[in-house]
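Each chain, written out:
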Number of protein chains: 2
Amino acid sequence: MTQPKADPRVLRTRKLIMDSFIELSGKQEFKDITVKDITTEANINRATFYYHFEDIYDLLDKALSEVLSVNLNAIDFEKSELNETSITHIFVAVTDFQRALSSRCHRGYDETIARIIREQLEIIFYRMLRQQHATEEYEPHKMTAVILSWGIYGASVEWRRDRMESLPEQYIKSAIPFLMSGIEPLAQGRIS
Amino acid sequence: MTQPKADPRVLRTRKLIMDSFIELSGKQEFKDITVKDITTEANINRATFYYHFEDIYDLLDKALSEVLSVNLNAIDFEKSELNETSITHIFVAVTDFQRALSSRCHRGYDETIARIIREQLEIIFYRMLRQQHATEEYEPHKMTAVILSWGIYGASVEWRRDRMESLPEQYIKSAIPFLMSGIEPLAQGRIS
DNA sequence: TTCCATTTGTCGGATAGACAACACATTGAT
DNA sequence: ATCAATGTGTTGTCTATCCGACAAATGGAA
């Protein structure tokens, strides 16, 4: 969408910064990581950091988006459609992501992380819906994507609150009938 | 010695180029590797290659020197002196290096490789000798380093010609008495 | 041989990144 | 409260790298 150019230098430098940040995140808490730490680890100048990112929160935002995006793209949603299999994969990817984060001590940034997850989910849901119904209008798909992203994210929160007693694959299974067929079939008892 | 500056960009790019070259060397013969191949693998511009290296032979030279130098520095010769142990280590490093090269197909460049090995050996022998006899003159050490570098390299060639029947550690052992004490003690039977 | 494609080495203009210096918080120890 | 130390964000200058283009060399196929 927004790739007018792709200077190898900026790709390299952005990757360096993000990798260094993720590396440091495994060693110390987010609040203890300074811009200097990151740029030292990445062997770049501190001023260069500010050339690419507003501040360290901007980096947190983009780095987590990147990680989650890679996880989600592993499903190669471009080719697959929105069905039981892909929804399950996506839900598992979200719970995996949150589990990875909880062991990496980004406490106090739950709301930021929640927003990032929902944004990424909305993006891929929207893409998949558009692809699946190429001829129809786009506007309704936007709304569907919003609801799906909040719904799936909420389900992951509930799953965590239930102390992760069941496997994510099992947990999301009961939501599939509604997600696929909506409310009516449920009320009419058409779905088991 | 010659480090006026150390721009991180230069270090990064040189390492990228060398690593890509060594990577490609494992897949295809040297004569089939083009500058374009290397810069593509390294994700840098082709013009940047010529900013750092005269041509691909200059790269071969510096890359091999670098690899050998790393092998040799693992002995941390700066701290150790020239004795049976360090000489054995150095000889083993040389034979290891040649074995690694023979499996990487740099055929037709034996003379280049031989020169590189001797140059590196001469450098470290000279450093060790100067450090070991800090108060004396430097000139005789230069000559000693030259002879040692040719001698040790020659020994490694002979070892290869003998089809590597014995371990390098064993092979070089018989040279230690002469190297340490010179000709006279041998003639006088002072050394077993 | 001629033709065609690829590689090589070099150039000039544009830009990302390095570096030093700066003012301004924030923190912590005395 | 004060001072020193450290982190933040910005600016200006200089340089390494990018990119496109070029002529010359190389090499293989017709």
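Naming follows an unreviewed UniProt entry, where chain A appears as TetR family transcriptional regulator of Cohnella lupini.

**Student:** Help me out: how do you make sense of the relation of the copies chain A and chain B in this one?
**Tutor:** Applying a rotation about an axis and a shift along it to one chain copy brings it onto the other copy. You can overlay chain A on chain B at an RMSD of 0.1 Å; the transform is a turn of 180° with a shift of 0.1 Å along its axis. The transformation relating the two chain copies, once decomposed into turn and shift, fits a two-fold axis.

**Student:** Explain helix α4 (residues 56–73) of chain A to me, please; I cannot follow it from the model alone.
**Tutor:** An α-helical turn contains 3.6 residues, so any two residues separated by three or four positions project in the same direction. Residue and element names in this part refer to chain A. Here α4 contains 18 residues, and its C-alpha end-to-end distance of 25 Å stays within 8% of the 26 Å for a straight helix at 1.5 Å per residue. All of the buried residues along α4 are Ile56, Asp58, Leu59, Leu60, Asp61, Ala63, Leu64, Ser65, Leu68 and Leu72. Buried residues along α4 sit in contact with α1 (8–25), α2 (35–42), α3 (46–52), α5 (84–102) and α6 (110–132).

**Student:** Just checking my understanding: could you explain the protein's contact with DNA strand D for this structure?
**Tutor:** Near DNA strand D you find 23 residues, and of these Arg12 of chain A together with Thr13, Thr48, Tyr51 and His52 of chain B are the closest. In the environment of DNA strand D, a phosphate oxygen lies 3.2 Å from a nitrogen or oxygen atom belonging to the backbone of Val35 of chain A. Elements with a contribution of two residues or more to the surface near DNA strand D: α1, α2 and α3 of chain A together with α1 (8–25) and α3 (46–52) of chain B. Tallied by class, the residues present in the surface near DNA strand D amount to 8 nonpolar, 6 polar and 9 charged.

**Student:** Explanation requested: the interface of chain A and chain B in the structure shown.
**Tutor:** When the parts of a complex come together, some accessible area is lost, and that lost area is often taken as the interface size. At the junction of the two partners, chain A supplies 5 residues and chain B supplies 5 residues. Buried area between chain A and chain B, summed over both chains or domains, comes out near 340 Å², and the portion from carbon and sulfur atoms is 50%. Ranking the residues of chain A by area buried against chain B places Arg12, Leu16 and Asn43 of chain A at the top, with a combined share of 78%. At the junction of chain A and chain B, the tally comes to 0 salt bridges. Tallied by class, the residues present in the side of chain A that touches chain B amount to 3 nonpolar, 1 polar and 1 charged.

**Student:** Just to check I follow, could you spell out the UniProt feature "DNA-binding region" (unreviewed entry) in chain A for this structure?
**Tutor:** Mapped onto this numbering, the UniProt entry gives "DNA-binding region" (unreviewed entry) at residues 34–53 of chain A. Here residues 34–53 of chain A runs as 75% helix and 0% strand, with 14 Å between its end C-alpha atoms.

**Student:** Looking at this structure, how should I read the environment of Leu16 of chain A?
**Tutor:** Take Leu16 of chain A: it is sitting in helix α1. On the basis of relative accessible area, Leu16 of chain A is assigned to the partly exposed category, the value being 28%. Ignoring sequence-local partners within four residues, the contact set of Leu16 of chain A consists of Ala42 and Ile44 of chain A together with Arg12 of chain B.

**Student:** Explain the pattern of salt bridges to me, please; I cannot follow it from the model alone.
**Tutor:** Proximity of charged atoms lets side chains of opposite charge pair with each other. Residues and elements named next belong to chain A. Considering all chains together, one arrives at 18 salt bridges over all chains under this definition. Linking Asp32 and Lys31 is a salt bridge whose minimum nitrogen-to-oxygen distance equals 3.3 Å. Since its relative accessible area comes to 40%, Asp32 is described here as partly exposed. Owing to a relative accessible area of 61%, Lys31 belongs among the exposed residues under this scheme. Put simply, Asp61, Arg115 and Glu119 are held in one network by salt bridges that share partners.

**Student:** In this structure, what is going on with the packing of α1 of chain B against helix α2 (residues 35–42) of chain B? I would like to understand it.
**Tutor:** How two helices sit against one another is set out by the angle between their axes and by the gap between those axes. Residue and element names in this part refer to chain B. The N-to-C vectors of α1 and α2 enclose an angle of 115°; their axes lie 8 Å apart at closest approach. Judged by the angle between their axes, α1 and α2 are roughly perpendicular. Crossing of α1 over α2 shows right-handed handedness. Across from Leu16, Ile17, Ser20, Phe21, Glu23 and Leu24 in α1, the residues of α2 making contact are Asp37, Ile38, Glu41 and Ala42. Taken together, the residues that form the contact of α1 with α2 break down as 6 nonpolar, 1 polar and 3 charged.

**Student:** What exactly am I supposed to notice about the packing of aromatic side chains here?
**Tutor:** Any aromatic ring pair is given by two values, namely how distant the centres are and how the planes are angled relative to each other. If you walk through the whole model with that rule in mind, you get 10 aromatic pairs over all chains. Ring centres of Phe21 of chain B and Phe30 of chain B lie 6.1 Å apart, and the angle between their planes is 80°; on these two criteria the pair is classed as edge-to-face. By relative accessible area, which is 1% here, Phe21 of chain B ends up buried. With a relative accessible area of 4%, Phe30 of chain B lands in the buried category. With centroids separated by 5.9 Å and ring planes inclined at 65°, the aromatic side chains of Phe30 of chain B and Tyr57 of chain B adopt a geometry described as edge-to-face. Remark: Tyr57 of chain B occurs in helix α4 (residues 56–73) and Phe30 of chain B occurs in the loop between α1 and α2; sequence separation between them is 27 residues. Given the relative accessible area of 48%, Tyr57 of chain B is considered partly exposed. Taken together, Phe21, Phe30 and Tyr57 of chain A form an aromatic cluster joined through their ring pairs. The ring of Trp150 of chain A is capped by Arg118 of chain A, whose NZ or CZ atom sits 3.7 Å from the centre of that ring.

**Student:** Please clarify how the protein's contact with DNA strand C should be interpreted in this entry.
**Tutor:** By nearness alone, 22 residues border DNA strand C, and Thr13, Thr48, Tyr51 and His52 of chain A together with Arg12 of chain B come closest of all. Near the protein, meaning within 4 Å, the atoms of DNA strand C are sugar or phosphate in a fraction of 67%, with bases accounting for the rest. Arg9 of chain A places a main-chain nitrogen or oxygen 2.6 Å from a phosphate oxygen of DNA strand C. Take Arg12 of chain B: an N or O atom from its side chain is 2.5 Å from a phosphate oxygen of DNA strand C. For the surface near DNA strand C, the secondary structure elements donating two or more residues are α1 and α3 of chain A together with α1, α2 and α3 of chain B. Among the residues forming the surface near DNA strand C, the class breakdown is 8 nonpolar, 6 polar and 8 charged.

About the thresholds
- Residues numbered from 1 in each chain as written.
- Chains lettered and ligands numbered in written order.
- Predicted model: local features only at pLDDT ≥ 70, side-chain atom pairs only at ≥ 80, totals over all residues.
- Heavy atoms only, no water.
- Least-squares fit on C-alpha atoms with pLDDT ≥ 70 in both.
- Helix = DSSP H or I, 4+ residues; strand = E, 2+ residues; numbered from the N terminus.
- Expected span 1.5 Å × (residues − 1).
- Buried < 20%, exposed > 50% of the residue type's maximum accessible area, 1.4 Å probe, protein only.
- Contact = heavy atoms within 4.5 Å.
- Near = heavy atom within 4 Å.
- Polar contact = N/O pair within 3.5 Å; in protein donor to acceptor, adjacent residues only side chain to side chain.
- Nonpolar A, V, L, I, M, F, W, Y, C, P; charged D, E, K, R; others polar.
- Buried area = accessible area lost by both parts, 1.4 Å probe.
- Salt bridge = Lys/Arg side-chain N within 4 Å of Asp/Glu carboxyl O.
- UniProt positions renumbered as here; feature names shortened; annotations may be inferred.
- Axes fitted to C-alpha atoms, helices over the stretch in contact; angles between N-to-C directions.
- Parallel < 35°, antiparallel > 145°, perpendicular 65-115°, else oblique.
- Left-handed = near helix turned anticlockwise from the far one by under 90°.
- Phe/Tyr/Trp six-rings, centres within 6.5 Å; stacked < 30°, edge-to-face > 60°.
- Lys NZ or Arg CZ within 6 Å of the ring centre and 35° of its normal.

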